[in-house]
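The primary structure of each chain is shown beneath.
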Amino acid sequence: MSNDSSDRSLSSVITWNKDVKVMPYALFGVVALIVGAVAAIMTLINGHDTMFNLSPEVPWGLLIASYAFFVLTASGLAFIGGIGHAFGNSAYLKINRRIVVMAFAVLLAGFTQIGMELGHPLRLAWYMLVSPNFSAPITWMGVLYSIELLILAFELYLVLKPNPTEKDHRNSAVVGFCAMIFGVLAAATLGFVFGSNTARPFFHGSYFSTFFVVSGITAGAAMLLFVHNLVYWGRVPSSLSKTMSSLGKLMATGIGVMIFLYLWKILATVYTPAADGGYAAIRELLSGSLSTNFWGGEILLAIVLPLFLVLITKAQSMKMLGLAGFIYIVGFFFTKYDFIIAGQVPVGGDDFIGSGINRMADFQAYVPASGEWLIMLLGCGVFFTFYFFAEKILVLEKES
Amino acid sequence: MRYGMIIDLARCIGCNACTVACKSHNGTPKDIFWSQVLVEEKGEYPNARVVPTPILCMHCEDAPCVKACPTGASYKDENGIVHVNQDKCIGCKSCMVACAYDARKFMGGEPKSYFPGKEVTELEEVQHTEFSRGVVSKCDFCADRLKEDLLPACVGTCPAQARIFGDLDDPGSEVSKILVKKSGRTLLSHKGTKPSVYYLAR
Ligand code: SF4
Ligand code: SF4
């Protein structure tokens, strides 16, 4: 039995927020989680062939994209939390609990995606421990994101500790800063999983490490804008307007940097099509089988619309910021999906005599199967359930 | 010792005997090909022809698939052969994306029968025990046959004798002698993977 004072201290973090109307989201999460879990179990029983539409031409499909989508957003959130701590930015510190809970939930969602994408998820932990290959970038990516999950779990504990002492505050600042460093490192290393690949020229190089980090931070800001609008049903309290406006500006800046990254990557490749710099992939994006995704999903949804909404409202309208955040998140998903698929255009060209026959057709035949979408839904379910129940029972806002 | 192969494109008639010999010896399940012949149509009727190019794992000296494998399931043995240890493979497929030659295949379900609507035959059943689900597999130059001093199945079966196999490190081997006389080229050599499979021009 707890006494009065510990009750009060516990109630500073654990409560039942009557005014926070997030149960519909949490219940959506539960339904998504159950449907997704059924798909996951069926995949474990039947194997990838019956549930996924992967092929030798496109061995990495939707789930690698959704993995990148989730974990890069988590990195971005950790980055924003880290800025709060590093620069004592009160606008971000105010929502620090929310950031940590969200980053943790999104990262968990990401882990479900890679887990289901693997042919043998259970072997992963064992062989990564007993015989890790440290020259494989994917090993480091796994290690860094696992560390990130632990750091976020620890930070979660620190920020939710009732009656935190001065020392706890200092510790949580240090841990938050570490989460930022490891989050960014992990995102850049995920970029290097592709950047280290010499077989696929579109992937090769340092470009995607940068792009992943920048677009991930932008996604973190977008996610916070969107979720705040969900939590308050479009009426974000004025005490948070400075925070939201600052996030809107961060998002717009991120999109601005992305425009540069896109422009020069595309120009450099198109200008020298013979240089084996991924011209076939860019062609597929600009005018080939992925062009609707690219122009509609990436350019319109990840760049033009959200940027327009933030600029036109000078980042002051909470509702518009929430909408811009939502649109960016959808666009951000396209940036990852297109990237993963375009990069796998069949290698070869002239040097691979005989390659011109069916390989493009096989490549273009990749459309995610419903099983893959359901596993992605599992990821969304994990996020919605974990995050919105946390909103309901935890005190996620504090004064400073 | 570094095993290697020469494929003489001037001799290859595109008969796919290698494809079948590979399947028959290794018992690779349906849709899994370790040895393939790519076919390109050239020209227009009546001046048309097909141009075959056999491909298989190139057993690259600087193998990107081995570097990319997180668990060490993909490894290179002392004879230069690149293997996959199926028990260690977690099915992450990074090796497939790292390989420019399409040499690796992922098995995402139970092996299927080659005969539509029929169960797997007894032979298939026995052969399929070598393949586990959820992992990647690939050509190993028929390492089991090499141990018994036999040539890889595709080499032994080629009716046009378009495939020559041997030790690239031994200056006296047939492969080395041919490569001194005729310049063989490797596919996608600019990728820098140093394949052990050489092609002689048509
Ligand atoms: S051809 Fe592909 S699978 Fe074979 S060694 Fe080279 S990279 Fe590895
Ligand atoms: S799929 Fe298997 S062999 Fe290929 S990189 Fe992953 S663990 Fe290694």
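Residues numbered from 1 in each chain as written. Chains lettered and ligands numbered in written order. Predicted model: local features only at pLDDT ≥ 70, side-chain atom pairs only at ≥ 80, totals over all residues. Heavy atoms only, no water.

## Remarks on the pattern of salt bridges
And then number 1: Per the stated rule, a full pass over the model turns up eight salt bridges over all chains.
And then number 2: Between K112(B) and D49(A) there is a salt bridge whose closest N-O contact spans 3.8 Å. Of the two residues, K112(B) is situated in the loop between strand 6 (105-106) and helix 4 (122-128) and D49(A) in helix 3 (residues 48-51); the pairing between them involves two chains.
And then number 3: By relative accessible area, K112(B) is classed as partly exposed at 42%.
And then number 4: According to the relative accessible area criterion, D49(A) is partly exposed, its value standing at 39%.
And then number 5: Salt-bridge contacts for E61(B) lead to R2(B); the nearest nitrogen and oxygen are separated by 3.3 Å. (Salt bridge = Lys/Arg side-chain N within 4 Å of Asp/Glu carboxyl O. Helix = DSSP H or I, 4+ residues; strand = E, 2+ residues; numbered from the N terminus. Buried < 20%, exposed > 50% of the residue type's maximum accessible area, 1.4 Å probe, protein only.)

## Some details on the environment of T19(B)
All names here are of chain B.
And then number 1: Relative to the helices and strands, T19 resides in helix 1 (residues 17-26).
And then number 2: Here the alpha-carbon distance between T19 and C158, two residues 139 residues apart in the chain, equals 9.8 Å.
And then number 3: If we skip the residues at most four places from it in the chain, T19 touches F33, S35, Q36 and V37.
And then number 4: A polar atom in the side chain of T19 sits 2.5 Å from the side chain of N16. (Contact = heavy atoms within 4.5 Å. Polar contact = N/O pair within 3.5 Å; in protein donor to acceptor, adjacent residues only side chain to side chain.)

## Brief notes about the site of ligand 2
And then number 1: Taken together, 14 residues lie near ligand 2, and C69(B), C89(B), C92(B), K93(B) and C95(B) sit nearest.
And then number 2: When its residues are assigned to classes, the shell around ligand 2 shows eight nonpolar, four polar and two charged. (Near = heavy atom within 4 Å. Nonpolar A, V, L, I, M, F, W, Y, C, P; charged D, E, K, R; others polar.)

## Digging into the site of ligand 1
And then number 1: Close contacts around ligand 1 come from 13 residues, with C57(B), M58(B), C60(B), C65(B) and C99(B) the closest.
And then number 2: Of the residues contributing to the shell around ligand 1, the split by class is 10 nonpolar, one polar and two charged.

## A few points about the interface of chain A and chain B
And then number 1: Each partner contributes residues to the interface: chain A has 43 residues there, and chain B has 46 residues.
And then number 2: Overall, the association of chain A and chain B removes approximately 3,600 Å² of surface from exposure, summing both partners, and the carbon and sulfur fraction of that is 53%.
And then number 3: For the pair chain A and chain B, the interface holds two salt bridges.
And then number 4: In this structure, the connection of chain A to chain B is made through 30 residue pairs in polar contact (both at pLDDT 80 or more).
And then number 5: Elements with a contribution of two residues or more to the side of chain A that touches chain B: helix 2 (23-46), helix 3, helix 7 (121-130) and helix 8 (137-160) of chain A.
And then number 6: For the side of chain A that touches chain B, the class distribution of residues is 20 nonpolar, 16 polar and seven charged. (Buried area = accessible area lost by both parts, 1.4 Å probe.)

## Let's talk about the pairing of strand 2 (residues 36-42) of chain B
Residues and elements named next belong to chain B.
And then number 1: Direction of pairing for strand 2 relative to strand 3 (residues 49-55): antiparallel, over a ladder of seven bridges. Bridging across to strand 3, Q36 finds its partner in I55.
And then number 2: Taking the residues that link successive antiparallel strands as the turn, the strand 2-strand 3 hairpin has six residues, and the phi of G43 there is positive, at about 75 degrees. (Pairing = 2+ DSSP bridges.)

## Quick word on the packing of helix 8 of chain A against helix 9 (residues 166-195) of chain A
Residues and elements named next belong to chain A.
And then number 1: Here helix 8 crosses helix 9 at 160 degrees, and the two axes come no closer than 8 Å. Relative to helix 9, the element helix 8 lies roughly antiparallel. The interaxial crossing formed by helix 8 with helix 9 has left-handed handedness. (Axes fitted to C-alpha atoms, helices over the stretch in contact; angles between N-to-C directions. Parallel < 35°, antiparallel > 145°, perpendicular 65-115°, else oblique. Left-handed = near helix turned anticlockwise from the far one by under 90°.)

## Quick look at helix 14 (residues 318-342) of chain A
And then number 1: The end-to-end C-alpha separation of helix 14 of chain A is 36 Å, in line with the 36 Å expected for 25 residues at 1.5 Å each.
And then number 2: Burial within helix 14 of chain A is extensive, with 19 of its 25 residues counted as buried. (Expected span 1.5 Å × (residues − 1).)

## A few points about the side chain of K336(A)
Residue and element names in this part refer to chain A.
And then number 1: Turning to its location among the elements, K336 is positioned in helix 14.
And then number 2: Summary of buried charges: K336 has no salt-bridge partner, and the nearest side chain of opposite charge, E298, is 7.1 Å away.
And then number 3: A polar contact of 3.3 Å, which involves the side chain of K336, links it to the side chain of S215. (Lys, Arg positive; Asp, Glu negative; His and termini not counted.)

## A few points about the side chain of H83(B)
Residue and element names in this part refer to chain B.
And then number 1: On the secondary structure map, H83 appears in strand 5 (residues 82-84).
And then number 2: A polar contact of 2.8 Å, which involves the side chain of H83, links it to the side chain of D77.
And then number 3: In contact with H83, not counting residues within four places along its chain, are A73, S74, Y75, D77, K138, D140 and A143.

## Topic: a nonpolar patch on the surface
And then number 1: On the surface, F260(A), L263(A), W264(A) and L267(A) cluster together to form a nonpolar patch covering roughly 440 Å² of accessible area.
And then number 2: With respect to the helices and strands, W264(A) occurs in helix 11 (residues 241-271). (Patch = residues over 30% accessible without salt bridge, like charges linked within 9 Å, V, L, I, M, F, W, Y side chains within 5 Å. Areas by Shrake-Rupley, 256 points an atom, 1.4 Å probe, with all protein chains shown as cover.)

## Regarding the sheet that holds strand 1 (residues 3-8) of chain B
Residues and elements named next belong to chain B.
And then number 1: As summarised here, the arrangement of the three strands in space is 8-1-9, forming an open sheet in which the pairing is mixed. For this open sheet the edge positions go to strand 8 (163-167) and strand 9 (197-200), each flanked by a neighbour on one side alone. Within the sheet, the average angular offset between the axes of one strand and its neighbour, ignoring direction, is 20 degrees.
And then number 2: With five bridges joining them, strand 1 and strand 8 adopt antiparallel strand pairing.

## A look at the packing of aromatic side chains
And then number 1: Under the defined criterion, the tally for this structure stands at 39 aromatic pairs over all chains.
And then number 2: Ring geometry for Y3(B) versus F165(B): centroids 5.1 Å apart, planes at 25 degrees, classification stacked. Remark: F165(B) occurs in strand 8 and Y3(B) occurs in strand 1; sequence separation between them is 162 residues.
And then number 3: For Y3(B), a relative accessible area of 14% translates into the label buried.
And then number 4: Taken together through their ring pairs, the aromatic side chains of W60(A), F194(A), F202(A), F203(A), Y207(A), F208(A), F211(A), F212(A), Y262(A), F294(A), W295(A) and F339(A) make up a single cluster.
And then number 5: The lysine or arginine in question, K23(B), covers the ring of F33(B), its NZ or CZ lying 4.6 Å from the ring centre. (Phe/Tyr/Trp six-rings, centres within 6.5 Å; stacked < 30°, edge-to-face > 60°. Lys NZ or Arg CZ within 6 Å of the ring centre and 35° of its normal.)

Take it as geometry only, folks, not as evidence of what the structure does.
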